[in-house]
Every structure is written in structure tokens, then in C-alpha cells.
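Observations on the three-dimensional arrangement
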Amino acid sequence: MHQDELFTVNPDVAPPPEPVAATEPPPPPPGSPLAVRMRPRTLGEVVGQQHLLGEGAPLRRLVEGAAPASVLLYGPPGTGKTTLANLVSTATGRRFVALSALSAGVKEVRGVIEEAKRRRRYNGENTVLFIDEVHRFSKTQQDALLGAVEDRTVLLVAATTENPSFSVVSPLLSRSLVLQLRPLTDGDIRDLLGRALTDERGLGGEFTLTDEAMAHLVRLAAGDARRALTALEAAADAASATRSPTIELATVESTVDKAAVRYDRDGDQHYDVISAFIKSIRGSDADAALHYLARMIEAGEDPRFIARRLVVHASEDIGLADPTALQAAVAAAHAVQFIGMPEGRLALAQATLHLATAPKSNAVITAIDSALADVRSGGVGTVPPHLRDGHYAGAEKLGNAQGYRYPHSVAEGVLAQQYPPDELVGRDYYEPTQRGAERALAERVPRLRRTIRGG
């Protein structure tokens, strides 16, 4: 044996360096993005996810170091999955290792596990393994984690934007606690932006944000903290270039390449845009209708409100000129309720195009409003005796249902008989137009009236 080999240290048996005691995470390097600099250092700085972070909640217990268990954090981007993984590591004094499923393979996973075994064997140091986008791991890659998760060689914190029930193998799923994170609320995003403006880690009070700019940033974020902070940082850089201490709406628009939709859900814009939307459909301008639909969607209008207006419009301005219009509108309303947004925009757009291009008729609303006007003015009258209910004792003695003629007893299915009260005989409410499917009704309805009235 060569002399040098006598003094070679075997890395598989040599103890690693002594672990460093858990402390507050070191500050990010200079020039780090605002979203990185503002990453919460303690549980108290985390915004949102109160359903998981309340007293005694599983995620709070995990972050505080109690009842260690591997977890799958399932939720949309920018809701704090990486932050919470870091907090688990910091709070428990565990070594933190992060892998991305986009770049790591089985070799990297096994390397982390072997290093975790060595550290635990020689100095009792435990490891938190954070895997981002775990749903992108193949079955083989996920299976490579099973043993280490089972014996807690590593405390796995995996993040995914996909439903883990469909994207994570069953054995790993059964060994982990699945916690669903929710998009941040508008209030959460406002708090986050306010803190970034004043905190020394953020913009340190150098800038103020107008109410309009704040509202636009909140809309842009759509519940994503990272997106909100990235947009704020870009706007602050633009304001700094012009030596302006105030970040205006125009500054935000110029930096994020997305104009604000001036739309107040409780103000004039709300009523003006929905009015223009309906009038464009009524006027058969499909392109204008889609424009106003897009404005409402982009501004965050409740899609259920839009769907309800389409249902109303289908009867009010189309009616029997296209009997399928109401079906299309109701289907869109159900689709929005069932699948939500953003996919629900497709059903809304389809119904909008259907209604805008359909033949128009206001005969339905005219008919019912005329009938209501007569009723409200006292034009009620009594129900003709032969139409009254005859299914109770004594009805026959009152003359009820006597002389009623059954339409199906004749080949045509229509026969002469009085249906309205005496006061309203000959009163016409429904007047079909010559448009769409009502053209046929415009010929049929007068014939029916003549037969029924014996004319």
C-alpha cells in the first residue's frame, strides 16, 4: 500500500463539520430582488394562510418545531411555500437543503439523503429537504425519497401547484401531511406592499404609493405575493430614475406593461361598463360586447354577476327569436359556478358571442310587462268556471271544471275555448317579430288565436 493511502480520510466515515446552531436566517446578498429581501424571517411576518397558522394548527406546530412530519404544500404560486419551508428549518434548527424538480434528478436526491444520514449519524444534525415543483418528479424520483421520509432521515417539505392526489405517488402521499395554501387576499397583498415600502429590507420609506397605484398593484398580484413585490420594485426603479418620491399609477403602468382597467365595482364605471356590454349585445356588435366583457374580467368583476346579466338578456332581448339563447346563457352560468376563473371566461365569451349574433326580439319582455300592467290596473277578473280545479269534494256542485274541452281529443290539438277571464277576452300580449325563429311564430300565433277564439 502506498504510504499516502495510510493517511487518506474516507469521506463516507469521516464526521462532517460541527453544525451551526439555528439562528435567524442571514440577510440576502446585496442586490437581491425585493421579493427575496422581504421574505418573512419569523412566523409573525407571514401574511395569509391563517387557516394553517392559527394556534394549534398543523403548520404552526411544524414551524414551531413540534410534531415533525413531512408535508406537501399545495397551492398557487406566491403563497409562501418556500418561505414556510425555510421557517421550518430555522425554527427547528435543522439543516436546510433545497432542490428544484426542474433541475434535480435521482442522483442529486440520493446525494442529499446520504449526506443527511452522515450528519445525523455523527452529530445528530437533522435535515429539512425542500423540493419545489415536486409534481415534476417522475415516479422513480419520488420513490427515491420514500425510505428517507419513512425513517425521517430527512424532513421533507415539498411544494406543488398541482393537486398532489394526482401528481404525487401514493406511498409518498400517505407518508406526508397535505396542506393546501390559499391565494393571498387583497388585504394580505396591501399589508405586504405597505411593509415593503417602509421596511429597511425593502424600500426603506424612500417612496410613497398613491391609492390608485396601490389598487392596481393589488389587482396585478391576483393573490401572488412574489408578483406584487416584483411589480412594486420595477415601479420604484422607474420612479427613482425620474427622482420622484411618489409612485403614481402611470409609473406602475409603464413598468409592468399592463394598463390599469379603470373600473370601480361599486361606482359609475361598474354601471357604465355593464350597460355598454348589454347594449352592445342588443345591438348585435359581438366585438364591442367582447371588449366590455374583457374589461370586466380584467378588472376583477364577479363572473357570476356577468353570467346573471347574460341570462336576463337572453330572455329580454332575444327570447323566442332564438330559443337556444337562454340555454346557452344558463349553461355559461353553471360553467362559471362549476369551474371558476380564469377558465370560466371561455364560457362567458361563448355565451356573449351566441347572444350578440342571435336574432333579436323583445316580444317576451313586452308580453309579460303588458300582462303585468293589466293585472296591476285591476284587470284580473274571475277564472272561467270550466277552467277551475275540479279535484276536490263539492267542486262539481260549484260548476267547476264542467264543460272543459280536452285539446288532445281533437286531431289538431287546438280547439275553440275561452281561457282568459271575461274582461280580457281578445286581449293580445305576445306579438312575435319577423326575426329568427319568431318568424314562424308570427304566422302560427294568429292562427292559434283564431281557432281558440272561434274566429
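**Thoughts on the overall build of the protein chain**
- When its secondary structure is counted, the protein chain shows 20 helices and seven strands.
- Here the protein chain holds 455 residues, and the buried ones make up 41% of them.
- Counting contacts in the protein chain only where the partners sit at least 6 residues apart, residues at least 24 apart contribute 71% of the total.
- With an accessible surface of roughly 24,800 Å², the protein chain has 53% of that area assigned to carbon and sulfur atoms.

**As for the confidence of the model for the protein chain**
- Chain-level pLDDT for the protein chain is 83 on average; 89% of the residues reach the 70-or-more range.
- Low pLDDT, under 50, characterises residues 1-23; the predicted model gives this stretch 23 contacts beyond four residues in sequence or across chains.

**Notes on the side chain of H386**
- Tracing the sequence through the fold places H386 in the loop between α19 (363-376) and α20 (438-453).
- A distance of 2.7 Å separates a polar side-chain atom of H386 from the backbone oxygen of Q418.
- Not counting the four nearest positions on each side in its chain, H386 is found in contact with A401, Q402, G403, Y404, Q417 and Q418.

**Overview of the packing of aromatic side chains**
- For the coordinates displayed, the defined rule picks out one aromatic pair.
- Centroid distance F96 to F130: 6.3 Å. Interplanar angle 20 degrees. Geometry classified as stacked. Here F96 is found in strand β2 (residues 95-100), whereas its partner F130 is found in strand β3 (residues 127-132), with 34 residues between them in sequence.
- By relative accessible area, F130 is classed as buried at 3%.

**With respect to the pattern of salt bridges**
- Enumeration over the complete set of coordinates arrives at 18 salt bridges.
- A salt bridge links R201 to E45; the shortest N-O distance between them is 3.2 Å. Linking R201 in the loop between α10 (186-198) and β6 (208-209) with E45 in the loop between α1 (34-37) and α2 (50-53), this pair joins segments that are 156 residues apart in sequence.
- Two residues, R282 and E316, come together in a salt bridge whose shortest N-O distance is 3.8 Å. Of the two residues, R282 sits in helix α14 (residues 268-282) while E316 sits in helix α16 (residues 303-318), which places them 34 residues apart along the sequence.
- In this structure, a network of salt bridges that share partners links the residues R41, E45, D199 and R201.

**A closer look at the pairing of strand β1 (residues 71-74)**
- Side-chain alternation along β1 places V71 and L73 on one buried face and L72 and Y74 on a second face that is also buried.
- One ladder, built from four bridges, connects β1 with strand β4 (residues 154-160); its direction is parallel. Residue pairing for β4: Y74 is matched across the bridge by T160.
- Where β1 meets strand β5 (residues 177-180), four bridges bridge the pair, whose relative direction is parallel. Residue pairing in the sheet places L73 in a bridge with L179 of β5.

**Here's the deal with the packing of helix α17 (residues 324-339) against helix α18 (residues 344-357)**
- Closest axis-to-axis distance for the α17/α18 pair is 8 Å, and the angle between their directions is 170 degrees. Relative to α18, the element α17 is oriented roughly antiparallel. Contact with α17, carried on its side by T324, A325, A328, A329, A332, A335, V336 and I339, involves G344, A347, L348, A351, H354 and L355 of α18 and no other residues of that element.
- Along the lines of polarity and charge, the residues of the contact of α17 with α18 split into eleven nonpolar, three polar and no charged.

**A word on unusual backbone geometry**
- Geometrically, the link from M341 to P342 is a cis peptide bond, its omega value of 10 degrees lying close to zero.
- When you line up the elements, P342 lands in the loop between α17 and α18.
- In this structure, Q49 takes a positive phi of about 60 degrees despite not being glycine.
- The residue S284 is not glycine, and still its phi comes out positive at about 65 degrees.
- Within the secondary structure, S284 sits in the loop between α14 and α15 (286-298).

**A look at the sheet that holds β2**
- Pairing is parallel across the open sheet formed by five strands, whose spatial order is β2-β3-β4-β1-β5. Unpaired on one side and paired on the other, β2 and β5 mark the two borders of the sheet. When strand polarity is set aside, the average angle formed by the axes of neighbouring strands in this sheet is 20 degrees.
- Contacts from helix α5 (residues 106-123) reach β2, β3 and β4 within the one sheet, and its direction differs from that of β2 by about 175 degrees.

**What about α19?**
- With 14 residues, α19 ought to run about 20 Å at 1.5 Å a step, and its terminal C-alpha atoms sit 20 Å apart, in line with that.
- Taken as a whole, α19 has its buried residues at A363, A367 and D374. Taken around the axis of α19, the buried residues stretch over an arc of 35 degrees, which confines them to a single face.
- One or two residues past the end of α19 sits G378, with phi positive at roughly 100 degrees.

**Thoughts on the environment of G80**
- In this fold, G80 is placed in the loop between β1 and α4 (81-92).
- Classification of G80 by relative accessible area gives partly exposed; the value is 22%.
- In this structure the C-alpha to C-alpha distance between G80 and Q49, which are 31 residues apart in sequence, comes to 8.7 Å.

About the cut-offs
Residues numbered from 1 in each chain as written. Predicted model: local features only at pLDDT ≥ 70, side-chain atom pairs only at ≥ 80, totals over all residues. Heavy atoms only, no water. Helix = DSSP H or I, 4+ residues; strand = E, 2+ residues; numbered from the N terminus. Buried < 20%, exposed > 50% of the residue type's maximum accessible area, 1.4 Å probe, protein only. Contact = heavy atoms within 4.5 Å. Areas by Shrake-Rupley, 256 points an atom, 1.4 Å probe, with all protein chains shown as cover. pLDDT = per-residue confidence, 0-100. Polar contact = N/O pair within 3.5 Å; in protein donor to acceptor, adjacent residues only side chain to side chain. Phe/Tyr/Trp six-rings, centres within 6.5 Å; stacked < 30°, edge-to-face > 60°. Salt bridge = Lys/Arg side-chain N within 4 Å of Asp/Glu carboxyl O. Pairing = 2+ DSSP bridges. Axes fitted to C-alpha atoms, helices over the stretch in contact; angles between N-to-C directions. Parallel < 35°, antiparallel > 145°, perpendicular 65-115°, else oblique. Nonpolar A, V, L, I, M, F, W, Y, C, P; charged D, E, K, R; others polar. Expected span 1.5 Å × (residues − 1). Arc of directions from axis to C-beta.

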